[in-house]
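As a plain string of letters, each chain reads:
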Amino acid sequence: MKLLKQLIGLICSVAMVLSLCGGAYASDQTSNENHAYDTSQASAEQFIKAEINRIAAEESECLWTNETVLGTPVVLYDAYDDCNGYVFKLYTDGSETGYIQINCFDGKFKVYCYSFTGIPAYEGLSNTCEKQLADSKNGRLYFFGNMTYCVKAKDDTFRAIDAVEGISIETARTYYDALRNAIKEKVSEQDEESCKNECNDSYYVPQTRAFTLVTTNDFSNLYATRPNGTQQRVTEHCSPTAATNIMRYFRSTGASPLSTSVSNTTIFMEMYYAMDTNAIRTSNIIQATGTLRSNIKPGISSFCAGRCCPPATIGRVLSVTLSGIKNHINNGELLLMSLDGFPSQYAKHSVVLFGYSGSSLKISTGWDTSYHYYSYANLTIAQYVYVGY
């Protein structure tokens, strides 16, 4: 009992020191530090209300006002079972107007992502998220960065809501700590670039009424044929879906000569074969390996050559910087970005970048027909292919 009292006294002393030091911590050890900060719901709501007003003032597409109401939050937890963020659905004039997610990775809340009309990632990634939470050990939704949303199974392993495999607590903590450090480094890069450029600069490629996004679900019931005649249902097809949106966008603006008689399904299937997704052209083995990143640019070029709509500019970038991304968008190009750890810990995913506002990137995720804004620092971008007409 005496030892317990001493331990409690020590914890209180440490908490007092941290409070007096403004929440700073002494070292970045492999243990969670968020408990040293105020991550209460009241603090989160105060921060989000200020951010809603800021975004509404800066974004011409924003549907939010100072009358926007916060819904009941979904609390997010880290690999150490401490709160590290919240997701609020938002309501304006009685209608649902998207969501906003905030997280605390380095001692203070920051906006992680938001959308004016879309749904949170965990809903887009799995239509069984609520059931998985109900069947989990504690009903908590865990967030390890990027798009890694997990539940804790009864055997104490973490399971990404879009996967079956379990992740050990040790692996999850290692991944989470590494990601937090990576975010800090990218924030530093962001801060350096903002010294050279206007932090609040923005540019979005012009939209047309003729253009609406397609999703991976639009093509999930299709079948592709292997060289030996074996058919396999389309799967792991985010890259050809993203490329389909790029082709359709430039056709809608009149910049691309791609015929309007070419259907969405035709564009997608030709991209699927051109990119050799799941090795559909080169193997007779049934597999769900997705699209090799080295195949994305050649696949787009092959499709465009076959349809007589070659782009004016196309290239692959492996050394990714925020300034480089902005330069391509400023040139009127769209970027097919390849993300690591998105949507789950070891997953890879393709999205399309349509614009930026400061350090927020406007992307189509492939799971809904809305645009989502993600902080550049919070995405692990392995490469991108730029396309312009």
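Preceding this section is the structure that the text describes.
Parameters at a glance
- Every chain is numbered independently, its residues counted from 1 as its sequence is written.
- Residue-level local features of this predicted model are given only where pLDDT is at least 70; pairs of side-chain atoms are given and counted only at 80 or more, and the full residue set underlies all totals for whole chains, interfaces and linings.
- Side-chain numbers here rest on the full set of heavy atoms in the structure, without hydrogens or water.
- The way it works is that DSSP assigns letters per residue, a run of H or I at least four long becomes a helix, a run of E at least two long becomes a strand, and they are numbered from the N terminus.
- Under the scheme applied here, a residue whose accessible area is under 20% of the maximum for its type counts as buried, over 50% as exposed, and between as partly exposed, the area being computed with a 1.4 Å probe on protein chains only.
- The criterion used for residue contact is that any of the two residues' heavy atoms lie within 4.5 Å.
- Exposure was quantified through the Shrake-Rupley algorithm and a 1.4 Å probe, taking into account, for residues, occlusion by the shown protein chains and nothing else.
- Every axis in this analysis is a line fitted to C-alpha atoms, fitted for helices over the stretch in contact. Angles between the N-to-C directions lie between 0 and 180 degrees.
- The scheme is simple: roughly parallel for angles under 35 degrees, roughly antiparallel for over 145, roughly perpendicular for 65 to 115, oblique for anything else.
- A crossing counts as left-handed when the near helix is turned anticlockwise from the far one by less than a right angle, and as right-handed when that turn is clockwise.
- Classification convention: Asp, Glu, Lys, Arg as charged; Ala, Val, Leu, Ile, Met, Phe, Trp, Tyr, Cys, Pro as nonpolar; all other residues, Gly among them, as polar.
- Paired strands, in this sense, are two strands between which DSSP finds at least two bridges.
- N or O atoms within 3.5 Å of each other form a polar contact, as long as, within protein, one can give a hydrogen and the other can take it, and as long as residues adjacent in sequence are counted only when both atoms are side-chain atoms.
- As used in this record, nonpolar core signifies buried Ala, Val, Leu, Ile, Met, Phe, Trp, Tyr and Cys residues forming a set joined through side-chain atoms within 4.5 Å.
- A pocket here means an open set of points on a 1 Å grid, computed over the protein atoms alone, that has protein on both sides within 12 Å along at least five of seven lines. A cavity is instead a set of points where a 1.4 Å probe fits but cannot get out; residues with an atom within 4 Å of a point line either one.
- Grid points are joined across faces, edges and corners, and a volume is the space filled by probe spheres set on the points.
- What counts as a ring pair is set by centres within 6.5 Å for rings of Phe, Tyr and Trp (its six-membered ring), and what kind of pair is set by the plane angle: stacked under 30 degrees, edge-to-face over 60, tilted for all other angles.
- A ring is considered to have a charge above it if a Lys NZ or an Arg CZ atom is located within 6 Å of its centre and within 35 degrees of its normal.

Chemist: Would you mind going over the overall build of the protein in detail, with residue names and values included?
Modeler: For the protein, the count of helices and strands is 9 helices and 18 strands. Taken across its 389 residues, the protein has 52% of its residues classed as buried. Restricting to contacts in the protein with at least 6 residues of sequence separation, those with at least 24 account for 63%. Here the protein displays about 17,700 Å² of accessible surface, and carbon together with sulfur accounts for 52% of that area.

Chemist: Explain the packing of helix α6 (residues 238-253) against helix α8 (residues 296-306) to me, and be specific about the residues and the numbers.
Modeler: Direction vectors running N to C along α6 and α8 enclose 45°, while the axes themselves pass 11 Å from each other. The pairing of α6 with α8 is recorded here as oblique in orientation. Handedness of the α6/α8 crossing: right-handed. Mapping the contact onto sequence places S239, A243 and M247 in α6 and I296, I300, F303 and C304 in α8. Taken together, the residues of the contact of α6 with α8 sort by class into 6 nonpolar, 1 polar and no charged.

Chemist: Could you give an account of the pairing of strand β4 (residues 95-104), naming the residues involved and the relevant values?
Modeler: Counting buried residues along β4, 8 of its 10 residues qualify, which places the element largely inside the surrounding structure. Of the pairings in the sheet, the one linking strand β3 (residues 83-92) to β4 comprises 7 bridges and is antiparallel in character. Note on β4: the bridge partner recorded for F88 is I100. If you look at the hairpin formed by β3 and β4, you'll find 2 residues sitting between the two strands, and D93 has a positive phi there, around 55°. Relative to strand β5 (residues 109-115), β4 runs antiparallel, the two being bridged by 6 bridges. Each residue of the ladder has a partner; that of I100, found in β5, is Y114.

Chemist: Could you give an account of helix α7 (residues 264-274), with specific residues and numbers?
Modeler: Along α7, the positions that sit buried rather than exposed are I267, F268, M269, M271, Y272 and A274. Contact partners of the buried residues in α7: β11 (223-225), α6 and α8. A positive backbone phi angle near 55° is found at D276, which sits one or two residues after α7.

Chemist: Break down the environment of Y371 for me, with residues and values.
Modeler: Looking at where Y371 falls in the secondary structure, it is placed in the loop between β16 (360-364) and β17 (372-375). For Y371, a relative accessible area of 17% gives the class buried. Sequence spacing of Y371 and L361 is 10 residues, and the spatial spacing of their C-alpha atoms is 9.8 Å. Non-local contacts of Y371, meaning those with residues more than four positions away in its chain, are made with Y114, S115, Q207, F211, L213, F354, K362 and I363. For Y371, the side chain forms a polar contact with the side chain of Q207, separated by 2.9 Å.

Chemist: So what's going on with the packing of α6 against α7? Which residues, and what values?
Modeler: Close contact between α6 and α7 brings their axes to 9 Å; oriented N to C, the two are set at 130°. Taken together, the axes of α6 and α7 are oblique relative to one another. In this structure, α6 meets α7 at a crossing whose hand is right-handed. Across the interface between the two elements, P240, T241, A243, T244, M247, R248 and R251 from α6 touch N264, I267, F268, M271 and Y272 from α7. Residues of the contact of α6 with α7, tallied by class, amount to 7 nonpolar, 3 polar and 2 charged.

Chemist: Explain the environment of A288 to me, and be specific about the residues and the numbers.
Modeler: Along the polypeptide, A288 turns up in the loop between α7 and α8. Separated by 10 residues in sequence, A288 and N278 place their C-alpha atoms 5.4 Å apart. When neighbours within four sequence positions are excluded, A288 is seen to be in contact with Q232, T235, E236 and N278.

Chemist: An account of the nonpolar core is needed here, citing residue identities and associated values.
Modeler: If you look at soluble globular proteins, the nonpolar side chains tend to sit buried side by side. Residues Y149, M337, L361 and Y374 are the most contacted members of the largest nonpolar core, which totals 70 residues. Setting aside its immediate chain neighbours within four residues, Y149 contacts L76, Q101, A121, Y122, L125, L141, Y142, F143, R159, A160 and I161.

Chemist: Run through empty space enclosed by the protein, naming residues and quoting values.
Modeler: Taken as a whole and assessed by the stated rule, the structure comprises 1 cavity of 30 Å³ or more. Residue lining of the largest cavity: T216, C238, T241, A242, N245, S350, S364, T365 and G366, and that is the complete set. Considering each element in turn, the lining of the largest cavity owes the most residues, 4 residues, to α6. In terms of residue class, the lining of the largest cavity is made up of 2 nonpolar, 7 polar and no charged.

Chemist: Which residues make up unusual backbone geometry, and what values do they have?
Modeler: Backbone geometry at D276 places phi at a positive 55°, although glycine is not the residue there. Here D276 shows up in the loop between α7 and α8. Note on D276: relative accessible area 10%, which makes it buried. One non-glycine residue, C308, lies in positive phi territory at about 55°. For C308, the position within the fold is in the loop between α8 and β13 (313-317).

Chemist: Tell me about the packing of aromatic side chains, residues and numbers included.
Modeler: Counted by the stated rule, this structure contains 30 aromatic pairs. Ring geometry for Y249 and F250: centres 5.1 Å apart, planes at 70°, overall edge-to-face. Neither residue differs from the other here; Y249 and F250 are each classed as buried. An aromatic cluster of three or more residues is present, and its members are Y77, F105, Y112, Y122, Y142, F143, F144, Y149, F158, Y176 and Y374. Of note, R140 hangs over the ring of Y77, and the distance from its end group to the ring centre comes to 4.0 Å. Looking at K362, its charged tip hangs above the ring of Y204, at a distance of 4.9 Å from the centre.

So far we have only geometry, and geometry alone does not tell us how the molecule works.
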